[in-house]
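Remarks on the overall topology
Listed below are the residues making up each chain.
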Amino acid sequence: EVFRRAVRAVTDSVLRTLDQAGCTPADVDLFVPHQANARIIDAVVTRVGLAPETAVQTVERHGNTSAASVPLAFGEVADSGRLRDGSLVLTTGFGAGLTVGTSLLRWRSSRIR
């Protein structure tokens, strides 16, 4: 039951965020979700209609590190070179009580002169 509720809540939050931004799943370059478990991530990707290759999964290396899982996964993406200037990045976190927070951001690399 927790699995089903988590998938439903995250899917609803992601779709609402994309809709409010005037974007579609096809516009997303990277999806960096909370790393609770791979089954939840895969189910959300399927239900939302995201391209599977956009989903970042680090749960096999870090485990479920609660709120830290999103920045840990984001850091891996940045270090790997997958994060490009102008990338549209969708992040979502969820946790106790099945609270959910989703954000959509346009990545801009910093240029220090």
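Structure's up top.
I will try to describe carefully the structure that is included in this document. Fair warning: this is a prediction, and the values are worked out from it, not measured in the lab. (Residues numbered from 1 in each chain as written. Predicted model: local features only at pLDDT ≥ 70, side-chain atom pairs only at ≥ 80, totals over all residues. Heavy atoms only, no water.)

**With respect to the side chain of Thr92**
Here is the rule: A run of H or I in DSSP counts as a helix once it spans at least four residues, and a run of E counts as a strand once it spans at least two, with each numbered from the N terminus. For this analysis, a polar contact is any N or O atom pair within 3.5 Å, provided that within protein one partner can donate a hydrogen and the other can accept it, and provided that sequence-adjacent residues contribute only side-chain to side-chain pairs. The contact criterion used is simple: two residues touch if any of their non-hydrogen atoms lie within 4.5 Å.
Of note, Thr92 is situated in strand β2 (residues 88–94). At a separation of 3.2 Å, a polar atom in the side chain of Thr92 contacts the main-chain carbonyl oxygen of Gly101. Each residue touching Thr92, except ones within four places of it in the same chain, is listed here: Val10, Val14, Phe31, Val32, Pro33, His34, Val70, Val100, Gly101 and Thr102.

**Some details on the side chain of Thr54**
Put simply, the rule is: Summary of the burial criterion: residues with accessible area below 20% of their type's maximum are buried, those above 50% are exposed, and those between are partly exposed, where the area comes from a 1.4 Å probe applied to protein chains only.
Mapping Thr54 onto the fold places it in the loop between α2 (38–48) and α3 (59–62). We classify Thr54 as buried; its relative accessible area is 6%. Residues in contact with Thr54, not counting those within four places in the same chain, are Val28, Asp29, Leu30, Phe31 and Arg82.

**Comments concerning helix α4 (residues 69–80)**
Here is the rule we go by: By definition here, a helix of n residues has an expected span of 1.5 Å times n minus one.
Taking 1.5 Å of rise per residue, 12 residues should cover 16 Å, and α4 covers 16 Å from first to last C-alpha, within 8% of that figure. In this structure, the buried side of α4 is in contact with β1 (30–33), β2 and β3 (100–106). Directly beyond the C-terminal end of α4, a positive phi value near 90° is found at Gly81.

**Some thoughts on the sheet that holds β2**
Stated formally: DSSP calls a pair of strands paired once it identifies at least 2 bridges connecting them. To obtain each axis, a line is fitted to C-alpha atoms, and for helices this fit is confined to the stretch in contact; angles are then taken between N-to-C directions over 0 to 180 degrees.
In space, the 3 strands of this open sheet follow the order β1-β2-β3, with mixed pairing throughout. Because the sheet does not close on itself, it has two edges, and the strands there are β1 and β3. Across the sheet, the mean angle from the axis of one strand to that of its neighbour is 15°, orientation sign disregarded. Pairing of β2 with β3 involves 7 bridges; the strand directions are antiparallel. Bridged to Gly93 within β3 is Gly101. Against the sheet, helix α1 (residues 2–21) makes contact with β1, β2 and β3, and its axis sits at roughly 35° relative to β3, the strand it touches most. Contacts from α4 reach β1, β2 and β3, with the element oriented near 145° to β1.

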